[in-house]
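Read off the chains here:
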Amino acid sequence: MKDPTIRAAIGGEPPAKPQFYVAQSPGREAWRMFVRNRTAVFGLVLLVIILALTLYGSLIYGGDAFDIVWAPHERPLATPEFPMGTDYLGRDIVAGMLKGGGPTMAVGAAAALITMVIGITLGALSGYYGGWVDNLLMRFTEFFQVLPALLFAMVLVTLFSPSLWTIAFAIGVVSWPQTARLTRAEFLKIKELEYVTAARAIGAKNKRIIWKVILPNAAPPLIVSATLTIGVAILFEAGLSFLGLGDPNVMSWGLMIGANRDYILDAWWPVTFPGLAIFLTVLAVSLIGDGLNDAFNPKLRER
Amino acid sequence: MTFSFILRRIGYGLLLMLGVVVLNFLLIRLAPGDPAVVIAGEMGGATQEMLDQIRADYGLDKPVLVQLGIYITNIAQFDLGESFFFNQPVAKLIGQRIGPTILLVITAQILSILIGVFLGVIAARKPNGVLSGFVSIFATIGYAVPVFWTGIMLVILFASVLPIFPVEGMQSVRLRDAGPLTKTLDVLHHLVLPAFTLAIIYLAQYARLSRASMMDVLGSDYIRTARAKGASEKSVLFKHALRNAALPILTVAGLQFGNLISGALLVETVFNWPGMGRLAFDSILRRDYPTVLGVLFFAASMVVVANILTDLSYRWADPRLRGRS
């Protein structure tokens, strides 16, 4: 029946089959929407590739990213062993690229986790209880929004030794206000709904209502926000390492750019490749975030 | 009514700034080691005499609350302490550097809002058009690019391939004795790349935001009315629709200001722009904490002022808010 001439011969479109709706769990429904979104799937595939390369690449490729292995500033592709060339000290850039993603992404994920924990807790309490709790917590949140995040993180990292944990913690401490505001807004909306009243009517305590009744229903926007937070945290970590405030003993993409920035006019490649890697990672994460946002949005689901 | 609103807003802003002062105070105490040594900046150069001087200035032998009182009183008198690296009062150091930062941040903010909103408005006219797609892609890319890397790429491009804009500093040395007009033009010439680098990220966000906001507004009845009475397309878009779509843009502009300052810090280090961010970065490497904390205080104060201005412009843009206090 695919052939248009046959279709025309029998007089237009064949009658549509009756549609049956199969009930699906919201998660599975969202996943179905997600995999149909081409850019989101592209982001996911990109992220998986980057993760695989940074987790296992250096095992296969071998070599320490800090080792000086060749003459400095060898151009990319000039020597087959060093397809991306070498940096100002003669360190292999491919080795740095493979090693440098791990810490960046670990810090990104840890910072996003800290951000979500602080943000969701404060936002939930604020939105649920309202009144003076809300007032107090929101003033506290506003205070943290006044601090320029990167500067504050820089101060924290320098005052307390620059380990990966300090950096993740510093990023978390400066990024939670937005999550808190979002959570609060969701809680304000959901706590008025009937099922919350119903839960209260059957005797559920506040703690149960907050974490077991409202939070799961506020999850979709929070998951999207968590994804985007990972992207922001990765950019943050890159910025701190670029400034030389990261852990100096751990190779990271930001550090590679920072270390080579004095020589950019002699050699473009040691700063270009790590920057591209950061860009592609954040791009992948944000495409996934956008995809999730659309997948959770019932308005965009086709009927 | 509006006056009392402004007063209350300023009072609240002062309270937030007091909070920053207390935070600064806590940070020095929480840092590992003797506060006097921390303040002197662990470069080893601090003599016993200097440490005693610091202890006396900050009242470090007194109870913590008294110390806090002394600290707040000092800052209220614009005494942010002494930079032991420059041997100069921190307030003076920041005073020299705040101008370039404000120039950079404000220029970037204006550039990004003007270009971003303009792109967003035309994109909203045809939600499925080429420009609309371009705005979406550009916004996604703009969000993902590290700002310092954009800066470095521009430096490489404009230093070697297309040398039409200076890539370093704020003034040309050879124009030191030039007239004021030449000097101003020279500064603006130097400003192009840093301001643009900083603007790119936010430009993309404003474009996406104003596109969404305009699409909402363009569907409303009063837009149809405006079209029906024969208003020109330009007038419909920029007069009737934009004014109503401006509120979310203003909100974000206010919230972004802190991020803009963070971004300026990175951009200043890339382009050697002699602003507060560069000062903060250099001071952090020298462990010159009075200067670093002074910059933190000033930067936070700039955000507070920006927030107050945002609130006021809100009332200007939305007459419905004016009646409320």
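Comments concerning the overall build of chain A
Phase 1 of the analysis: Counting secondary structure elements, chain A contains 11 helices and 0 strands.
Phase 2 of the analysis: Ordered by position in the sequence, the α and β elements of chain A form the string α-α-α-α-α-α-α-α-α-α-α.
Phase 3 of the analysis: For chain A, contacts bridging at least 24 residues in sequence account for 70% of all contacts bridging at least 6.
Phase 4 of the analysis: Total accessible area on chain A stands at roughly 15200 Å², and carbon and sulfur atoms take up 66% of it.

A closer look at the overall build of chain B
Phase 1 of the analysis: Per the secondary structure count, chain B includes 12 helices and 2 strands.
Phase 2 of the analysis: Along chain B, helices (α) and strands (β) appear in the sequence α-α-α-α-β-β-α-α-α-α-α-α-α-α when read from the amino end.
Phase 3 of the analysis: Each principal axis of the C-alpha distribution contributes one length, and for chain B these read about 80 × 55 × 40 Å.
Phase 4 of the analysis: In chain B, buried positions account for 49% of the 325 residues.
Phase 5 of the analysis: The long-range share in chain B, meaning contacts at least 24 apart out of those at least 6 apart in sequence, stands at 71%.
Phase 6 of the analysis: For chain B, the computed accessible surface area is about 15600 Å², with 66% contributed by carbon and sulfur atoms.
Phase 7 of the analysis: For chain B, the centre of its 27 positive side-chain charges and the centre of its 19 negative side-chain charges are spaced 17 Å apart.

Here's the deal with the packing of helix H5 (residues 90-125) of chain B against helix H8 (residues 180-218) of chain B
All names here are of chain B.
Phase 1 of the analysis: Taken N-terminus to C-terminus, the directions of H5 and H8 make an angle of 35°; their axes are 4 Å apart at the nearest point. For the crossing formed where H5 meets H8, the hand is right-handed.
Phase 2 of the analysis: Grouping the constituent residues of the contact of H5 with H8 by class yields 25 nonpolar, 6 polar and 1 charged.

Focus on the interface of chain B and chain A
Phase 1 of the analysis: Listed by partner, the interface residues are 47 residues for chain B and 42 residues for chain A.
Phase 2 of the analysis: Approximately 3900 Å² of surface area, both sides summed, lies buried where chain B meets chain A, with 81% of it carried by carbon and sulfur atoms.
Phase 3 of the analysis: Together, Tyr143(B), Phe148(B) and Trp149(B) form the three largest contributors to the area buried by chain B at its contact with chain A, with a combined 16%.
Phase 4 of the analysis: Applying the counting rule to chain B against chain A returns 1 salt bridge.
Phase 5 of the analysis: With a shortest N-O distance of 3.7 Å, Arg208(B) and Asp290(A) are connected by a salt bridge.
Phase 6 of the analysis: Inspection of the region where chain B meets chain A yields 7 residue pairs in polar contact (both at pLDDT 80 or more).
Phase 7 of the analysis: Going through the elements one at a time, helix H1 (2-30), helix H6 (130-144), helix H7 (147-161), helix H10 (233-271), helix H11 (276-285) and helix H12 (289-317) of chain B are the ones with two or more residues in the side of chain B that touches chain A.
Phase 8 of the analysis: Per-element accounting of the side of chain B that touches chain A gives the leading share, 10 residues, to H12(B).

Describing the side chain of Thr140(B)
Phase 1 of the analysis: Note on placement: Thr140(B) falls in helix H6.
Phase 2 of the analysis: Beyond its immediate stretch of four places on either side in the chain, Thr140(B) contacts Leu283(A), Ser286(A), Leu287(A) and Arg208(B).

Remarks on the confidence of the model for chain B
When pLDDT drops low, the exact placement of atoms in the prediction is not to be read closely.
Residue and element names in this part refer to chain B.
Phase 1 of the analysis: Overall, the prediction assigns chain B a mean pLDDT of 82, with 96% of residues at 70 or greater.
Phase 2 of the analysis: Element-level pLDDT for chain B is lowest in helix H2 (residues 35-40), with a mean of 72, against a maximum mean of 88 in H5.
Phase 3 of the analysis: We note a pTM of 0.85 for the whole complex and an ipTM of 0.83 for its interfaces.

Section: a nonpolar patch on the surface
All names here are of chain A.
Phase 1 of the analysis: Taken together, the side chains of Leu51, Leu55, Tyr56, Leu59 and Ile60 present a nonpolar region at the surface, about 580 Å² in accessible area.
Phase 2 of the analysis: Tracing the backbone through its elements, the reader meets isoleucine 60 in helix H3 (residues 38-61).
Phase 3 of the analysis: A relative accessible area of 75% places isoleucine 60 in the exposed class.

So, the side chain of Arg278(B)
Residues and elements named next belong to chain B.
Phase 1 of the analysis: Within the secondary structure layout, arginine 278 lies in helix H11.
Phase 2 of the analysis: In terms of polar contacts, arginine 278 uses its side chain to reach the backbone carbonyl oxygen of threonine 269, at 3.4 Å.
Phase 3 of the analysis: Apart from residues no more than four positions distant in its own chain, arginine 278 is found in contact with Arg97, Glu268, Thr269, Asn272 and Trp273.

Some thoughts on the packing of aromatic side chains
Phase 1 of the analysis: Counted under the stated rule, the structure contains 14 aromatic pairs over all chains.
Phase 2 of the analysis: When the ring of Phe140(A) is compared with that of Trp176(A), the centres are 5.8 Å apart and the planes differ by 25°; the resulting orientation is stacked. Of this pair, Phe140(A) sits in helix H5 (residues 131-146) while Trp176(A) sits in helix H7 (residues 164-190), placing them 36 residues apart in sequence.
Phase 3 of the analysis: Summarising the aromatic geometry, the rings of Phe297(B) and Phe298(B) are spaced 6.1 Å apart at their centres and angled 90° between planes, so their arrangement reads as edge-to-face.
Phase 4 of the analysis: Its relative accessible area of 10% is what places Phe297(B) among the buried residues.
Phase 5 of the analysis: Taken together, the ring pairs connect Phe140(A), Phe143(A), Phe144(A), Phe152(A) and Trp176(A) into an aromatic cluster.

Points about the packing of H5(B) against H12(B)
If you want to describe how two helices pack, look at the angle between their axes and the distance between the axes.
Residues and elements named next belong to chain B.
Phase 1 of the analysis: Across the interface, H5 lies against H12 with an axial gap of 10 Å and an inter-helix angle of 45°. In terms of their interaxial angle, H5 and H12 are classed as oblique. Handedness of the crossing formed by H5 with H12: right-handed. Facing Val90, Leu93, Ile94, Ile98, Thr101 and Ile102 of H5, the residues of H12 in contact are Pro290, Thr291, Gly294, Val295, Phe298 and Met302.
Phase 2 of the analysis: In the contact of H5 with H12, the residues fall into 9 nonpolar, 3 polar and no charged.

The rules behind the values
- Residues numbered from 1 in each chain as written.
- Chains lettered and ligands numbered in written order.
- Predicted model: local features only at pLDDT ≥ 70, side-chain atom pairs only at ≥ 80, totals over all residues.
- Heavy atoms only, no water.
- Helix = DSSP H or I, 4+ residues; strand = E, 2+ residues; numbered from the N terminus.
- Contact = heavy atoms within 4.5 Å.
- Areas by Shrake-Rupley, 256 points an atom, 1.4 Å probe, with all protein chains shown as cover.
- Buried < 20%, exposed > 50% of the residue type's maximum accessible area, 1.4 Å probe, protein only.
- Lys, Arg positive; Asp, Glu negative; His and termini not counted.
- Charge placed at Lys NZ, Arg CZ, Asp CG, Glu CD.
- Axes fitted to C-alpha atoms, helices over the stretch in contact; angles between N-to-C directions.
- Left-handed = near helix turned anticlockwise from the far one by under 90°.
- Nonpolar A, V, L, I, M, F, W, Y, C, P; charged D, E, K, R; others polar.
- Buried area = accessible area lost by both parts, 1.4 Å probe.
- Salt bridge = Lys/Arg side-chain N within 4 Å of Asp/Glu carboxyl O.
- Polar contact = N/O pair within 3.5 Å; in protein donor to acceptor, adjacent residues only side chain to side chain.
- pLDDT = per-residue confidence, 0-100.
- Patch = residues over 30% accessible without salt bridge, like charges linked within 9 Å, V, L, I, M, F, W, Y side chains within 5 Å.
- Phe/Tyr/Trp six-rings, centres within 6.5 Å; stacked < 30°, edge-to-face > 60°.
- Parallel < 35°, antiparallel > 145°, perpendicular 65-115°, else oblique.

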